[in-house]
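Summary of structural features
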Amino acid sequence: MRMQLSHDLKKTCIGLIFTIGLLKSATAQITDSTKIYKKRVLENTEVDLLMSLYNQDGVHSPVNGGIGTEKLSDKTTTIVISIPLNADDVLTFDAGISAYTSASSSNINPFMNSSATTLKSLSFGTSGLNASGASSGSGTGGSGSGGGPPTPQNAINPVGTPWLASTGASHAEKLKSVLTNYSHTSDDRNFIWGSNVSFSSEFTYSSFGFGGNVTRLYNEKNTELGLKGSVFLDSWKSIYPTELKEYLRIGPQFQYFGYFYGVTILDQGGVASTAYLPDGFKSWSHTGRDSYSLSFYVSQILSKRFQAALFFDLVEQQGMLSTPYHRIYFVDKPNYYIGNVSDIAHYTSPANTGVYQLADAIETLPSTRFKVPLGVRMNYYINEMFVLRSYYRFYYDNWGLKAHTVNLDLPVKLSRTFTLTPSYRFYSQNQVDYFAPYETHLSSERYYTSDYDLSKFVSRQYSLALNYTQIFTQFKIKALGLKNINLKYSHYERTDGLKANIWSLGIKFLGGE
């Protein structure tokens, strides 16, 4: 039954988007013999500049299997330009770039430190291997004509730790995104349709999306109905933790060749061992992720002071829904490390500054997910100074996740130009069926994740925003007049230890006549 619903959802999403395209074509062919005056949907070009700074830290990095630093810093700049093409049509361009550094993601390769140059100099590739991963002769570093693994001349122990950032390629990244949206409003201003296309990319992930929406207003615009469909066709890059990538590339004897040639692997007791074999690791043959969503909403003005809206979404995802560089450690498998013997005893503590545990596998989750969010929004005008805005959402998916969100805003109008808005957001969720903390999963399980975003937690966010509005846009920068400035600070924290601070600045300009 659910698979049939999934199939119907995809057909409906794509059908809605193409129906909107047909509506555009039909609208272009309709001519109105009676020319009447109508107010433009958008009077002038609008330019929004948006900037934000986000910093977080925590102790449950999924890259390190559920422990380790989650320190991350993100700087984002976005420009949104809305252009009125005529009285009825608006074209919007939205482009942004996000530059971030992530201590957690840097540990995809935790051994990129002061020892990395030495490590690389000992790596001689796999040209001397046969199909099984064994040495095919007495080449450089080989053990002579016996055909066994080569004997390293100078064994070394590079160091890494889940509690500090590495200097690997994924330490600092950029996310680039662009979206184009077109909307058309009917002559009576009671019907709106639109379409959009988007693209974004970063080091490990890329996304292409398109969608469409229709809106209908009734009862002298007191009632509003909306429908939106979206399709996202995304793709992961095949990036795995370094030790698993080498196992996949070379085979069971990977520790004698390539990246780990000459590196000492330690067991739980700190004794050199050659027994590490991550045979529970399975690579993904399909790295695509497709998402289809339908969104419905109805908004109603109930009185001069009170407005309410209902939201309902259906979301289907298919493909690679796990993250390929999230490590998993099984409780029923022996532990192996690279680094300092003395740090093994306190591996799970920030006091560990020099040893890293080698993964057993990567996060593996089902290839389908069906999500159903349901929300309600209520706004109440108290008086000329106060407006109460409230929002509640219930979320459910077939991975067993249930969540509740409550958001309250209280804009306070300090003057004609300044508004101060304190906000509070509460969120709670249970854990998905496939979550377990660091080193508690069994290797016999089919699905497993130690990503605390999928665990049970409660989060709270406190925000304060100051908004300045210049009614007549007296301040000018060339042809653009300043309309609005919004400055906001938010503090976020959740019960698993993650904390974040977010600063954002938004500036709106209006173009001239």
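Quick summary incoming for the structure in this document.

1. Remarks on helix H4 (residues 242–250)
- Turning to H4, its buried residues number three or more, namely Thr242, Glu243, Leu244, Glu246, Tyr247 and Ile250.
- Of the surrounding elements, those touching the buried residues of H4 are strand S11 (327–328), strand S13 (355–357) and strand S14 (361–362).
- Where H4 terminates, the next one or two residues include glycine 251, which has phi positive at roughly 120°.

2. Digging into the packing of aromatic side chains
- Under the counting rule described, the total for this entry stands at 27 aromatic pairs.
- Ring geometry for phenylalanine 435 and tyrosine 452: centres 5.0 Å apart, planes at 80°, overall edge-to-face. Taken as a pair, phenylalanine 435 in the loop between strand S19 (418–429) and strand S20 (457–469) and tyrosine 452 in the loop between S19 and S20 lie far apart in primary sequence, 17 residues in all. The pair formed by phenylalanine 435 and tyrosine 452 is uniform in burial state, with each residue classed as buried.
- One aromatic cluster is present, built from ring pairs that chain together Phe111, Tyr247, Phe254, Tyr259, Phe260, Tyr276, Tyr336 and Tyr356.

3. With respect to the pairing of strand S17 (residues 402–409)
- The alternating pattern of S17 places Ala403, Thr405, Asn407 and Asp409 on a buried face and Lys402, His404, Val406 and Leu408 on a face that is not buried.
- Pairing analysis gives eight bridges linking strand S16 (residues 387–397) to S17, with the strands arranged antiparallel. Among the inter-strand pairings, tyrosine 395 is bridged to a residue of S17, identified as alanine 403.
- Relative to S19, S17 runs antiparallel, the two being bridged by seven bridges. Among the inter-strand pairings, valine 406 is bridged to a residue of S19, identified as phenylalanine 426.

Thresholds applied
All chains use their own residue numbering, which begins from 1 and follows the written sequence. For a predicted model such as this one, the threshold for reporting local features is a pLDDT of at least 70, and the threshold for listing and counting side-chain atom pairs is 80 or more; totals across whole chains, interfaces and linings nevertheless cover every residue. The basis for every side-chain value is the complete set of heavy atoms in the structure, and neither hydrogens nor water enter the calculation. Here's how the labels work: a residue is buried when its accessible area is under 20% of the maximum for its type, exposed when over 50%, partly exposed in between, all with a 1.4 Å probe on protein chains only. The helix and strand labels rest on DSSP assignments: H or I over at least four residues marks a helix, E over at least two residues marks a strand, and numbering proceeds from the N terminus. Whether two residues are in contact is decided by their heavy atoms, any of which lying within 4.5 Å being enough. Aromatic pairing here means that ring centres of Phe, Tyr or Trp (its six-membered ring) are within 6.5 Å. Orientation follows from the plane angle: under 30 degrees is stacked, over 60 is edge-to-face, and everything else is tilted. Strands qualify as paired when DSSP identifies two bridges or more between them.

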